[in-house]
Amino acid sequence: MTHNKQLIRGFSKRKKEERIDFLMEQFGWSEQIRNWLYTFESENSDFQRIIDELSENPVSNYHLPYCLAPNFLVDGQMRCFPLVTEESSVVAALSKTAVFWAERGGFHSTVISTGKKGQVHFTWTGKPDDLQSVFPEIRTRLLAATRTITANMQQRGGGITQIELLHRPEVLPNYFQLDVSFETLNAMGANFINTTLECLAEALPQIIADHLLLREAECNIIMAILSNYTPDCRVKVWVECATKELLGLDGLADFPERFAQAVQIASADVSRAVTHNKGIMNGIDALVIATGNDFRAIEAGAHAFAARSGQYRSLSSVSLANGLFHFEIEIPLAVGVIGGITQVHPLAAFSLKILEQPDARQLMTYLATAGLASNFAAVRALITQGIQQGHMKMHLSNILNQLQVPEAERTAIRKHFQGKTVSYSDVENFWKGNRHDATNT
């Protein structure tokens, strides 16, 4: 391997072929690697152009399985969920859970709110009371300054819904925030929010300086940016059935009580809560990625919401009352069905077609449904057979690929491990033992 200590400038201006040349030279790789990179590219030149333009400095494509989980009955409508994940057990669990709850009335939802927010962070050296006293006038001028940016969104029923002035001296001396609330309708709205906030940040110092009471003090903008903590963009999804229907499920006589205990532990113990919520995000992220939404923003917002009480807790909850098993999730989900790559990426647009062109509120519901279904499947497995039996069974194909087992020998291995817990070492030992026996024969 070569080690070039010189800085590489203008790399983004190079053609893709030149960036691949750089890889070949930098690591001393053969033409075989170049050809291998090209095998991951689409034969459809228009599709490949779109993929290349989604990011910076592309040299190839990185493939993940695009899967389907049918039979989700959500608010009385049957839906098929497109999922992008390399975790086969996630898709299997969602599919199984969809059928289980479709037979018991399906998933139910309510969208609690759809607000998003951002902040302009600044310092001001005057008296806080003076700034607060004239802020209604400042707010009016700030709204006027953003009118050209927000006009189209306002015509559709969205835009800025509130601007508050917050004084936060415990953070920094003379530190203030403009806390700005938005409604972005069917768009996730990140670009709209950030553009609006930057406009507010540009206008604020002059608006303050124009006021006779404030002009002696100094206003300095620190930054302007949206927040991915969106507790006011929240949805609740639940399933329920008679508790007696779950008695004896998977051979567990007290299934409902054991299930509730597992969720209660996740609500009280942070070590369990993190893994519990990761299982929720397994389902949500797979659907988020399929629809071209920002899974990193959603992850950040969800985990912050889980810690809103001061302790990180489960995002789902269970109640057993009046003979009813009730399992629900309440979670912030800031997503869109227009803008971003939701319609630019062909498979993202295709996913929305599979979901029958939902609006943003419906997509929030479907995402929370996927999260609750994934969570139900994981907890169900944990309190009965354990997580590894199903997980490693689905992982068997990956193990066979990793061991480079010839296709002709895979049938016998799959038959041997049917109904058994699978581990890498068990598969390897069984395969080598079979080969040894065959050689001796």
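Scroll up a little and you will see the structure.
These numbers were taken from a predicted model, which means no experiment stands behind them.

A. Fine view of a nonpolar patch on the surface. A contiguous nonpolar patch, built from Val171, Leu172, Ile222, Met223 and Ile225 and spanning about 410 Å² of accessible area, is present on the exposed surface. For Val171, the location among the structural elements is in the loop between β4 (159–167) and β5 (175–183). With a relative accessible area of 43%, Val171 lands in the partly exposed category.

B. The arrangement of helix α1 (residues 16–27) in detail. With 12 residues, α1 extends 17 Å between its outermost C-alpha atoms, agreeing within 8% with the 16 Å of an ideal straight helix rising 1.5 Å per residue. Of all the positions in α1, only Lys16, Arg19, Ile20, Phe22, Leu23, Met24 and Gln26 are classed as buried. In this structure, the buried side of α1 is in contact with α2 (31–39) and α3 (45–53). Of the residues one or two after α1, Gly28 is the one with positive phi, at around 65°.

C. Structural context of the side chain of Ser374. Summarising the element assignment, Ser374 is placed in helix α13 (residues 360–382). Of note is the side chain of Ser374, whose polar atom sits 2.6 Å from the backbone oxygen of Gly279. Filtering out sequence-adjacent residues up to four positions away, Ser374 remains in contact with Leu94, Gly279, Ile280, Asn282 and Gly283.

D. Representation of the pattern of salt bridges. Applying the stated rule across the entire model yields 15 salt bridges. A salt bridge links Glu53 to Arg49; the nearest nitrogen and oxygen atoms lie 3.5 Å apart. Note that Glu53 and Arg49 are positioned in helix α3 at a spacing of 4 residues, about one turn of the helix. Taking relative accessible area as the criterion, Glu53 reaches 57% and is therefore assigned exposed. According to the relative accessible area criterion, Arg49 is partly exposed, its value standing at 43%. Among the salt bridges present, the one from Glu245 reaches Arg104, with a minimum N-O distance of 3.6 Å. Of this pair, Glu245 sits in the loop between β7 (233–242) and α9 (255–268) while Arg104 sits in the loop between α4 (88–102) and β3 (108–124), and the two are 141 residues apart along the sequence. Taken together, the shared-partner salt bridges connect Lys16, Glu41 and Asp52 into one network.

E. Representation of the nonpolar core in the model. Core analysis: the largest hydrophobic core is formed by 90 residues, its most contacted members being Phe122, Ile138, Leu178 and Ile331. Top element by residues in this core is α13. It accounts for 10 residues. Not counting residues within four places of it along the chain, the set of residues in contact with Leu178 comprises Gly118, Gln119, Val120, Phe122, Phe135, Leu142, Ile163, Glu164, Leu165 and Leu204. In terms of nonpolar packing, the next biggest core, distinct from the first, is built from 11 residues, Leu400, Val422, Val427 and Phe430 among them.

Calculation criteria
- Here the residue numbers are simple positions, counted from 1 along each chain's written sequence.
- Residue-level local features of this predicted model are given only where pLDDT is at least 70; pairs of side-chain atoms are given and counted only at 80 or more, and the full residue set underlies all totals for whole chains, interfaces and linings.
- Remark: hydrogens and water are excluded; side-chain values derive from all non-hydrogen atoms of the structure.
- Within the patch definition used here, like charges are joined within 9 Å and nonpolar side chains (Val, Leu, Ile, Met, Phe, Trp, Tyr) within 5 Å, considering only residues with over 30% relative accessible area and no salt bridge.
- Each accessible area is a Shrake-Rupley estimate made with a 1.4 Å probe; only the visible protein chains count as cover when residues are assessed.
- By definition here, a salt bridge exists when the distance from a side-chain nitrogen of Lys or Arg to a carboxyl oxygen of Asp or Glu is within 4 Å.
- Helical segments are the DSSP runs of H or I of at least four residues, strand segments are the runs of E of at least two, and each set is numbered from the N terminus.
- Relative accessibility thresholds used throughout: buried, under 20% of the residue-type maximum; exposed, over 50%; partly exposed, between the two (1.4 Å probe, protein chains only).
- Expected helix span is given by 1.5 Å per residue-to-residue step, counting one fewer step than there are residues.
- Contacts between residues were defined by any pair of non-hydrogen atoms, one from each residue, lying within 4.5 Å.
- Here a polar contact is taken to be a pair of N or O atoms separated by no more than 3.5 Å, where protein atoms must pair a possible hydrogen donor with a possible acceptor and residues adjacent in sequence count only if both atoms sit in side chains.
- Working definition of a nonpolar core: buried Ala, Val, Leu, Ile, Met, Phe, Trp, Tyr and Cys residues. They are joined through side-chain atoms within 4.5 Å.

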